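Examination of the molecular architecture
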Amino acid sequence: MKCPKVLLLAAGLTIFASVDSVAGDVKVIANASVKADTISAADLKRVFLEEKSSLDGSHVEPLLEKEGRAHEAFLQEYLGMSEDDLQSYYQTLLFTGRGFMPKVLGSDAEVVAYVARTQGAIGYVSSAASAEGVKTLAIGVPSSNAERKLITRVEPDYPDTLKRLNIGGTVRLRVSISAKGNVEDVELLGGNPILGESAAAAVKKWVYAAGRSRTIAEVSILFDGR
Amino acid sequence: MSTSVTDKLRVGAQLYDRNLGQLGQYHPSLDWAVADYRFKSWFGVRGGKVKTTLGLYNDTQDLDFLRTFALLPQSVYPTDLRDATIAHLGGDVYGSLSLKHRLGGLAYTAYAGHRSDSIYGGVAYLAAQYQVYFSSYGGLQYGGDLRWNTPLKGLLIGISRMNEDVTGKAKAINPLNPGAGFVPYSAISKADWADQFYGEYTAGKLRIDSEYRRFVHDEQDQTADIVLVEIYDDVRGWYVSGSYRVTKRLALGYYYSRYSVTSVAGGLLAPYAPHQTDTSLPANHVYDKVISARVDLRRCWNVKVEGHFMNGYEYSSYPNGFYPQVNPQGFKPNTNALVVKTGFNF
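Everything numeric in this text was worked out from a predicted model, so none of it was measured. (Residues numbered from 1 in each chain as written. Chains lettered and ligands numbered in written order. Predicted model: local features only at pLDDT ≥ 70, side-chain atom pairs only at ≥ 80, totals over all residues. Heavy atoms only, no water.)

1. Observations regarding the overall build of chain A
Convention followed: Starting at the N terminus, helices and strands are each numbered in turn, a helix being any DSSP run of H or I of at least four residues and a strand any DSSP run of E of at least two. Buried means the residue's accessible area, taken with a 1.4 Å probe over protein chains only, is under 20% of the maximum for its type, while exposed means over 50%, and partly exposed covers the values in between. Throughout, a residue-residue contact means that at least one pair of heavy atoms, one from each residue, lies within 4.5 Å.
Along its length, chain A carries 6 helices and 16 strands. Burial statistics for chain A: of 226 residues in total, 52% are counted as buried. Counting contacts in chain A only where the partners sit at least 6 residues apart, residues at least 24 apart contribute 78% of the total.

2. Examining empty space enclosed by the protein
Put simply, the rule reads: Using a 1 Å grid laid over the protein atoms alone, points where a 1.4 Å probe fits but cannot get out form a cavity; open sets with protein on both sides within 12 Å along at least 5 of 7 lines form a pocket; any residue with an atom within 4 Å of a point counts as lining. Grid points are joined across faces, edges and corners, and a volume is the space filled by probe spheres set on the points.
On inspection of all chains with the given rule, the structure shows 2 cavities of 30 Å³ or more. Each pocket or cavity is described by its volume, and for the largest cavity that value is around 240 Å³. As for the largest cavity, its lining consists of 20 residues, of which Ser53(A), Phe100(A), Asp7(B), Arg10(B) and Arg38(B) are closest to the centre. There is about 70 Å³ of room inside the second largest cavity. Residue lining of the second largest cavity: 13 residues in total, with Asp117(B), Ser118(B), Gly121(B), Val123(B) and Ala124(B) positioned closest to the centre. Of all the elements in the fold, those that place two or more residues in the lining of the second largest cavity are helix 1 (82–85), helix 2 (122–128) and strand 7 (132–149) of chain B.

3. Remarks on the nonpolar core
This is how the line gets drawn: We define a nonpolar core as any set of buried Ala, Val, Leu, Ile, Met, Phe, Trp, Tyr and Cys residues linked to one another through side-chain atoms lying within 4.5 Å.
Of all hydrophobic cores here, the largest spans 31 residues; its most connected members are Val132(B), Phe134(B), Tyr185(B), Val235(B), Tyr259(B) and Tyr318(B). Counting only elements with at least two residues in this core, the list comes to helix 2, strand 7, strand 8 (155–173), strand 9 (182–189), strand 12 (226–245) and strand 13 (250–266) of chain B. Each residue touching Val132(B), except ones within four places of it in the same chain, is listed here: Ala124(B), Ala127(B), Ala170(B), Lys171(B), Ala172(B) and Tyr185(B). Counting residues in each nonpolar core, the second largest holds 27 residues, with Ala41(A), Leu49(A), Leu86(A) and Tyr124(A) among its members.

So, in structure tokens, the structure goes:
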């Protein structure tokens, strides 16, 4: 059965030459004033370590979540640091006059609300959290050759059982597109494996515009379980 | 304390105070006071009293909670000479950038300013034994640092350079005519410099550091127009340290620190300051083997217990921890020390 609530987040819109890393449990959000739609994993780390304060010309300021799965996933997958190491890092910046202690909020909802109203704010929340009023940044390395236009899109099935149990979330796929525009290969990068299987089956039927060479795309598909 | 004035401009200041034996004596000083404007991630400027970037730990040497050890290796970070390198009144340009082709990242700092030592620091304390009492000690200081976060995860390597030109103003008993009382006295270094090479490797709970510093100090002491002594000190120090976090609350560490000085004197008082060129003598080196344990009772509260097993006492015209005023019976070739330290951070 096809579900009308299946939303395509960045499907076919965001093409990458390569993908650094992804996290199934966390997504990166930013205030609408931030011009960038994508951020590389390296730049994301530099933003949160206060080595970089702008993205595509927009000022950005990191925001932390106090604890929880999203926070742990973010530390592990994007910063590669423990909580203690991160706190020591920020204290070092603070006590040497080289930086500041980022604002820390207690929940996904607080982070989303703060990011929505604060110019330049960039934070992270769990994949399942509502991102109303903020933009979700895709993680990867932007391609040097322009994005491939999606010509034919097939919507993925939302398995009944999962739908009934309100099990949803974002599925992230790495898609290999031939020069002719056919999807040659799909790899699940993150998210629920059953939803991932469904999404992969649909994406394999997609057709892109012909290009000069084979390219790799990262595709995020949201199964809205609410 | 610090605050952001605009997106790119930040200001802040911090006070510092200590009492370490006869050093510091609870005379507070401005640790840093900075206005920092970052144009781009690869280019920013900061001015005021700025912490000096020199090697891995110079600017963070007071942040005890960062490390397993109670004392940093004294061959490279002598705590009695903290003032000599800790900050400068001037400005920095700095930045960082990611390298293409996954070659890691570079961070640079270049600085120039005025160094101003506390008169409660090691240089002034050592001079006091000769009845030379400094009222000021400092001068031009400039240099730079370049560090590379290599593609090998956890490996950082870097190089620092510092140049300085220092003048100390003092009063002293004229050694040529002690009965005449105090006379103006000055200590002028012509062109001191330090080079420092360093590397750090972290993998999970393991951290390994190593640094080498060479410092050349060329000083001329005079009263009125009479040059009393000219001293050339060549100070070399290095260490290798390793620490491992065994559990969330316990970390263990070990380092080997090696320090030596050669000193050559000229001028009227040279006969009283014989050349020191043999670094194998205890008077010209300190070799320190250190074991350390750190227990984190809370996230903000730690206790450290550390054993130092030292050979040599390095006693020359340049200080390094051993002072005759507090060792009136003289120095012995070997010294053991137990350090127990607790710290709070918040």
